[in-house]
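As a plain string of letters, each chain reads:
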Amino acid sequence: EIDLTANKVYTLSDASKEVIKNIDIDVNIAMYGFEENSNFINFVKQYQEANPEHITYELLKDNNEASAAKIQKYGLTPGYAVVFLESGDSYKLIDAGSEFTVFDYTTYSLIDKTEQVLTNGILSLNDTQQKNVYILSGHGEYEEDFLSYLTGVLELENFNIEFINLLSANKEFSPNDVLAIFSPRSDLN
């Protein structure tokens, strides 16, 4: 097949191929809401071709016994196109409807970011450094329930989330850690 699009949007770039070749963990690309013969599926196959030892893919389909467990696990319903990058217990959710394109207000056109999103997602699963977000509590900040959507999204990005009170926690932070302070109502001293 030949990609005749202006920016070769259906062809994996040499830079991505080189990065994907160096992935040393097993990554499965599970797709839901796509047709088998779509350009997207053909694009994903190029990731497996770049690193067949560690990259696999599967198309999740309704009314398919092999797909049923994952469809139930992720709570998938018809009408959505999503991609799950899975490695062991870690996974990353990509909403194909909103994350693969961005609108450029200067040119009034859609820009395809599919390769960037997929490649960066796979690289984030390959990152072995622990990523922690500590959310300050005990000073009238937002409660856990109020921040549940935010913490859910961060967990999908493979961050560990912990609510801490600096007065009662003896915590040493590493350079990779994030301390989030959301609207305290009393002094932190």
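Parameters and conventions
Residues numbered from 1 in each chain as written. Predicted model: local features only at pLDDT ≥ 70, side-chain atom pairs only at ≥ 80, totals over all residues. Heavy atoms only, no water. Helix = DSSP H or I, 4+ residues; strand = E, 2+ residues; numbered from the N terminus. Expected span 1.5 Å × (residues − 1). Contact = heavy atoms within 4.5 Å. Core = buried A, V, L, I, M, F, W, Y, C linked by side-chain atoms within 4.5 Å. Buried < 20%, exposed > 50% of the residue type's maximum accessible area, 1.4 Å probe, protein only. Phe/Tyr/Trp six-rings, centres within 6.5 Å; stacked < 30°, edge-to-face > 60°. Pairing = 2+ DSSP bridges. Axes fitted to C-alpha atoms, helices over the stretch in contact; angles between N-to-C directions.

### Quick word on helix α2 (residues 39-50)
Part 1 of the reasoning: An ideal rise of 1.5 Å per residue puts 16 Å on twelve residues; α2 measures up with 17 Å between its terminal C-alpha atoms.
Part 2 of the reasoning: Its buried side turned inward, α2 meets α1 (14-21), β1 (27-32), β2 (55-60), β3 (82-87) and α5 (114-126).

### Some thoughts on the nonpolar core
Part 1 of the reasoning: With 24 residues, the main nonpolar core has I29, M31, F40, Y47, V83, L118 and I122 as its most contacted residues.
Part 2 of the reasoning: When residues of this core are traced back to their parent elements, those giving at least two are β1, α2, β2, β3 and α5.
Part 3 of the reasoning: Sorting elements by how many residues they give to this core places α2 first, with six residues.
Part 4 of the reasoning: Ignoring anything within four residues of it in the chain, the contact list for V83 reads I29, A30, M31, F34, F40, K92, L93, I94, F100 and L118.

### Side note on unusual backbone geometry
Leaving glycine aside, a negative phi is the common case for residues, and trans is the common case for peptide bonds.
Part 1 of the reasoning: The backbone phi angle of N63 is positive, close to 60°, even though this residue is not glycine.
Part 2 of the reasoning: Structurally, N63 can be placed in the loop between β2 and α3 (65-74).
Part 3 of the reasoning: A relative accessible area of 85% means that N63 is categorised as exposed.
Part 4 of the reasoning: One non-glycine residue, Y108, lies in the positive phi region at around 55°.
Part 5 of the reasoning: Positionally, Y108 belongs in the loop between β5 (101-104) and β6 (109-112).

### Description of the packing of aromatic side chains
Part 1 of the reasoning: The tally for this structure, following the rule as stated, stands at nine aromatic pairs.
Part 2 of the reasoning: With a centroid separation of 5.4 Å and 35° between ring planes, the pair formed by F40 and F100 is classed as tilted. Note that F40 is positioned in helix α2 and F100 in the loop between α4 (96-99) and β5, a separation of 60 residues in sequence. In this structure, F40 and F100 share a single accessibility class: buried.
Part 3 of the reasoning: Geometrically, the ring pair formed by F84 and Y91 is tilted, given 6.1 Å between the ring centres and 55° between the ring planes.
Part 4 of the reasoning: Accessibility expressed as a relative area gives 3% for F84, which makes it buried.
Part 5 of the reasoning: Joined through ring pairs, the aromatic side chains of F34, F40 and F100 make up one cluster.

### Structural notes on the sheet that holds strand β7 (residues 132-136)
Part 1 of the reasoning: If you trace the three strands from one edge of the open sheet to the other, you get β8-β7-β9, paired in parallel fashion. A strand with exactly one partner marks an edge of an open sheet, and here the two such strands are β8 (160-164) and β9 (178-180). Between one strand and the next, the sheet's axes are offset by a mean angle of 25°, whatever the strand orientation.
Part 2 of the reasoning: Two strands pair when backbone bridges link them, and β7 and β9 are joined in this way by three bridges, in the parallel orientation. The residue of β9 that forms the bridge with I135 is A180.

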